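# Structural overview
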Amino acid sequence: MLGLGAAGVAAAPVLQRGLESFLGAAAGKDPTGLTGLLPNGGGFRYYSVAASVPHKGAADYRLTVDGLVDRPATYTLDALRALPQTRLVRDVQCVTGWRVPGTPFAGVRLSRLLDAAGVRPGAGAVRFTCFDGTYTESLTLEQARRDDVLVALSMRDKPVSHAHGGPVRLYVAPMYFYKSAKWLSGITVTSKVRRGFWEERGYDTDAWVGRSNGRDDHPTG
């Protein structure tokens, strides 16, 4: 019995990675969305609001920064990797109820990209678009400048996988996970907040975790 227990412990990480890989691949080819209802070995669930999402890598990925800025820019994946990276370890909380504790994310602070672009007077918000062609999100400019908001290139100390929104996604640590837009392709500085995909369908625009329990802007974990 002890031997079987030890073997199970040793095999668990391999089985977890295998299950996650399988569900990630299945989710990308599942027109029904039913795979999104299944948790993988790491506790995450796969969501997409588009029928399919193209895969992008170093050769064809681009992130644009534009809108109310003095210096619009376009970043390749290599250019983002060359910038100073920040690593955060926080709990990930989905508004549907599941949570994955102590999840490392690393990437470029969004505030760094905004500073490089030179935000103009009159700007009050940032809008995010995604290369799935459907999903959008927004933050106020004050929220976007927080130290715990990243343009994330890695998740759990590995490059962000396609299923998790890679190669680049947004990570907004203190808010419910729907604010952390996957497959990030555009950052547009605007005068005011425009409701994102889920906000148009009734979700909170200010999605602080635990808001109903009296919490406001504190990160989870």
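The structure presented is a predicted model; accordingly, all values stated were derived computationally and were not measured.

Spatially, the five strands line up as an open sheet ordered β2-β1-β10-β5-β6, and their pairing is mixed. Both outer strands of the open sheet, β2 (73–76) and β6 (136–140), are each paired with one neighbouring strand and no more. On average, each strand axis in the sheet is tilted by 15° relative to the strand beside it, whichever way the strands run. Of the pairings in the sheet, the one linking strand β5 (residues 125–130) to β6 comprises five bridges and is antiparallel in character. The partner of Ala-125 across the bridge, within β6, is Thr-140. Sheet strands touched by helix α3 (residues 110–117): β1 (62–67), β2, β5 and β10 (184–190). Its angle to β10, the strand with the most contacts, is close to 60°.

The next subject is the pattern of salt bridges. Counted under the stated rule, the structure contains nine salt bridges. With a shortest N-O distance of 3.0 Å, Asp-91 and Arg-99 are connected by a salt bridge. Overall, the relative accessible area of 14% leaves Asp-91 in the buried class. The class of Arg-99 is partly exposed, set by a relative accessible area of 39%. The residue Asp-148 makes a salt bridge to Arg-146 at a minimum N-O spacing of 2.8 Å. Note on Asp-148: relative accessible area 7%, which makes it buried. Residue class for Arg-146 comes out buried when judged on its relative accessible area of 19%. Each of Glu-137, Lys-179 and Glu-199 takes part in one network of salt bridges that share partners.

On to unusual backbone geometry. The residue after Gly-166, namely Pro-167, is reached through a cis peptide bond having omega 15°. Tracing the backbone through its elements, the reader meets Pro-167 in the loop between β8 (158–159) and β9 (169–172). For Asp-157, which is not glycine, the phi torsion reads 60° and is therefore positive. When you line up the elements, Asp-157 lands in the loop between β7 (149–155) and β8.

Calculation notes
- Residues numbered from 1 in each chain as written.
- Predicted model: local features only at pLDDT ≥ 70, side-chain atom pairs only at ≥ 80, totals over all residues.
- Heavy atoms only, no water.
- Pairing = 2+ DSSP bridges.
- Helix = DSSP H or I, 4+ residues; strand = E, 2+ residues; numbered from the N terminus.
- Axes fitted to C-alpha atoms, helices over the stretch in contact; angles between N-to-C directions.
- Contact = heavy atoms within 4.5 Å.
- Salt bridge = Lys/Arg side-chain N within 4 Å of Asp/Glu carboxyl O.
- Buried < 20%, exposed > 50% of the residue type's maximum accessible area, 1.4 Å probe, protein only.

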